[in-house]
Amino acid sequence: MKRQRALATLEYDVLKIIWRLGETTVSTVRDELEAEGKPLALTTVSTVLDRLYRKGLVKRRLSESRGNPKYLYSAKVSKEDYERSVVSDLLDRLLDKMAEPTISRLMELMAEDEKDREFLSKYLEKLKRYRK
């Protein structure tokens, strides 16, 4: 999967619904959003799904029900792969421009939690052995 930039909030909300439901229609996504307190026009949801399709995050297939053609949408990428890609892209951009403050802040945040401190300590030891 190519590196992904983070999606707009509404795009991500729609993608989360698709991950949860598997294959779904525009109207079902709209109904799910409405149930979450985000009422939107059908055309808006359709536009968001089309954007996700053009970004390569969802696939669609034409289905005909009672003579009415409609698209069925499903995820083209797993939630885990998408999130990993977004984090990789973000970190690459941060480290390219501001490596020292980025790493310092991450280490400060990790130092607040005992498990994170242990992980960081073990990882630094592993890096030292790798560099030798």
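Above: the structure in question.
Just so it is clear, the structure is predicted and the values come from calculations on it, not from any experiment. (Residues numbered from 1 in each chain as written. Predicted model: local features only at pLDDT ≥ 70, side-chain atom pairs only at ≥ 80, totals over all residues. Heavy atoms only, no water.)

### Some points on helix 1 (residues 9-21)
For helix 1, which comprises 13 residues, the first-to-last C-alpha distance of 19 Å matches the rise-based estimate of 18 Å (1.5 Å per residue) to within 8%. All of the buried residues along helix 1 are Glu 11, Asp 13, Val 14, Leu 15, Ile 17, Ile 18 and Trp 19. On its buried face, helix 1 is in contact with helix 2 (26-35), helix 3 (42-54), strand 1 (58-65), strand 2 (68-75) and helix 4 (79-111). Directly after helix 1, the chain includes Gly 22, whose backbone phi takes a positive value near 90°. (Helix = DSSP H or I, 4+ residues; strand = E, 2+ residues; numbered from the N terminus. Expected span 1.5 Å × (residues − 1). Buried < 20%, exposed > 50% of the residue type's maximum accessible area, 1.4 Å probe, protein only. Contact = heavy atoms within 4.5 Å.)

### Brief notes about the packing of helix 2 against helix 3
Interhelical geometry of helix 2 versus helix 3 gives an angle of 110° and a closest axis separation of 9 Å. Classified by the angle between their axes, helix 2 and helix 3 sit roughly perpendicular to one another. Here the hand of the crossing between helix 2 and helix 3 comes out right-handed. Across the interface between the two elements, Val 26, Ser 27, Val 29, Arg 30 and Leu 33 of helix 2 pack against Leu 42, Val 45, Ser 46 and Leu 49 of helix 3. Class assignment for the residues of the contact of helix 2 with helix 3 results in six nonpolar, two polar and one charged. (Axes fitted to C-alpha atoms, helices over the stretch in contact; angles between N-to-C directions. Parallel < 35°, antiparallel > 145°, perpendicular 65-115°, else oblique. Left-handed = near helix turned anticlockwise from the far one by under 90°. Nonpolar A, V, L, I, M, F, W, Y, C, P; charged D, E, K, R; others polar.)

### Some points on the packing of aromatic side chains
A complete count under the given rule lists five aromatic pairs for this structure. Ring centres 6.0 Å apart and planes at 75° place the aromatic pair Tyr 12 and Trp 19 in the edge-to-face group. Aromatic ring contacts, followed pair by pair, group Tyr 12, Trp 19 and Tyr 82 into a single cluster. The positively charged end of Arg 60 is found above the aromatic ring belonging to Tyr 53, 3.8 Å away from the centroid. (Phe/Tyr/Trp six-rings, centres within 6.5 Å; stacked < 30°, edge-to-face > 60°. Lys NZ or Arg CZ within 6 Å of the ring centre and 35° of its normal.)

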